[in-house]
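# Observations on the three-dimensional arrangement
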Amino acid sequence: MSKGFSVKTAMGTLSILAAATGFCGLTATAAQAADTPVAIGISGWTGFAPLTLADKAGIFKKHGLDVDLKMIPQKDRHLAIASGAVQCAATTVETYVAWNANGVPITQIVQLDKSYGADGLAVRNGISSVAQLKGKTVGVDAPGTASYFALAWILDKNHMTLKDVKLATLSPQAAAQAFNAGQNDAAMTYEPYLSTVRDNPKQGKILATTLDYPMVMDTLGCTPDWLKKNPQAAKALVESYFDALEMIKAQPDKSYEIMGAAVKSSGKQFAQSAGYLRWQDREQNRKFFNGEIADFSKEAAALLLEMRVIRKLPDIGTLYDASYVNQP
């Protein structure tokens, strides 16, 4: 993935950059965050793409950040955090529950997206209900990942558990590829890979998505130690994300081309993929961090405990810090 930027701290240079990009909100935050290095673990998930845009379009640079986006599979991201290879990561809300419960503390500071059909369960055409998956083989990512949790959530809502199906451990991309090649009875995957199933109706169909089971939402989190040492840089990360959303709104074609290129997709294909989720703006973030995140985390924690992904319930109040989105 792309390397980060090192920027000069002179306010004159920052002012020129701010004017050139047409974004507002560059204040002392950027100056104080200048040259602060931060590595962020992400994947090719469409919901994370505004972070890629912030990198490629110079928005992080405008805010005085030296960002290194690292492509790391979700199942390994907590290891990168624990080792210090990355200071922040983007992932699903329930994953933070698991990481914190299992001794890898990380604090969520901004919500990135909510899935509106972007995560889904693909099945062969002869399968018409979740109940019919009993005894069937499902391609799904490893325990501790969003896809694994999503499959467990869907089964749970249908009075089933993961023990009722056979699991073939495959990454979301590999699960979709295998399914399209005629392997396995079902696949749990997400965009942009889910659309490859939509485009291949002879092999199967999408039985359920997050429109039916709304349980996939993503946030950006950082280690408590890094946040304590770099509060202004953390605020600059949040503002960079919101600026990226403004760029998508103001220059959609250019933005989709940039974000699509990062996952070897055309701008048009990427725009279609993005139609299955909602990036979350400042007001949506404030609503989420002031009630929604706690309620969902409690329900997710109970399921994760039942699944034995975690052995104890974490303190929900330590999983996030709402101050970064509540500040003006």
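The following paragraphs examine the structure supplied in this document. (Residues numbered from 1 in each chain as written. Predicted model: local features only at pLDDT ≥ 70, side-chain atom pairs only at ≥ 80, totals over all residues. Heavy atoms only, no water.)

## Considering the nonpolar core
Counting residues in each nonpolar core, the largest one holds 91 residues, and the members touching the most others are L237 and W279. The element contributing the most residues to this core is helix α11 (residues 231–250), with 11 residues. Shared between two domains, this core takes at least three residues from each, and those domains are domain 1 (36–114 + 216–318) and domain 2 (119–209). Ranked by size, the runner-up nonpolar core spans 10 residues in total, among them A80, I81, Y96 and V104. (Core = buried A, V, L, I, M, F, W, Y, C linked by side-chain atoms within 4.5 Å. Buried < 20%, exposed > 50% of the residue type's maximum accessible area, 1.4 Å probe, protein only. Helix = DSSP H or I, 4+ residues; strand = E, 2+ residues; numbered from the N terminus. Domains from an automatic or database assignment.)

## Structural notes on the sheet that holds strand β2 (residues 65–71)
Read from one edge of the open sheet, six strands run β2-β1-β3-β10-β4-β11, paired in mixed fashion. Bordering the open sheet on either side are β2 and β11 (277–279), each of which pairs with just one other strand. Adjacent strand axes in the sheet meet at a mean angle of 25 degrees, parallel and antiparallel pairs treated alike. Judged from the three bridges that link them, strand β4 (residues 107–115) and β11 form a sheet pairing that is antiparallel. Considered in β11, the bridge of K114 is made with R278. The sheet contacts of helix α6 (residues 93–101) involve β3 (88–92), β4 and β10 (217–222), and relative to β3 the element is tilted by about 120 degrees. (Pairing = 2+ DSSP bridges. Axes fitted to C-alpha atoms, helices over the stretch in contact; angles between N-to-C directions. Contact = heavy atoms within 4.5 Å.)

## Details of the packing of aromatic side chains
Scanning all chains against the criterion turns up nine aromatic pairs. Ring plane angle 70 degrees and centroid distance 5.7 Å describe the contact between Y96 and W99, whose orientation is recorded as edge-to-face. On the criterion of helical spacing, the pair formed by Y96 and W99 is a turn pair, its members being three residues apart in helix α6. Classification of W99 by relative accessible area gives buried; the value is 5%. One aromatic cluster is present, formed by W45, Y190 and Y193 through successive ring pairs. Here the basic side chain of R124 rests over the ring of F179, its NZ or CZ set 3.8 Å away from the ring centre. Over the ring of Y116 we find R278, and its NZ or CZ is 4.7 Å from the ring centre. (Phe/Tyr/Trp six-rings, centres within 6.5 Å; stacked < 30°, edge-to-face > 60°. Lys NZ or Arg CZ within 6 Å of the ring centre and 35° of its normal.)

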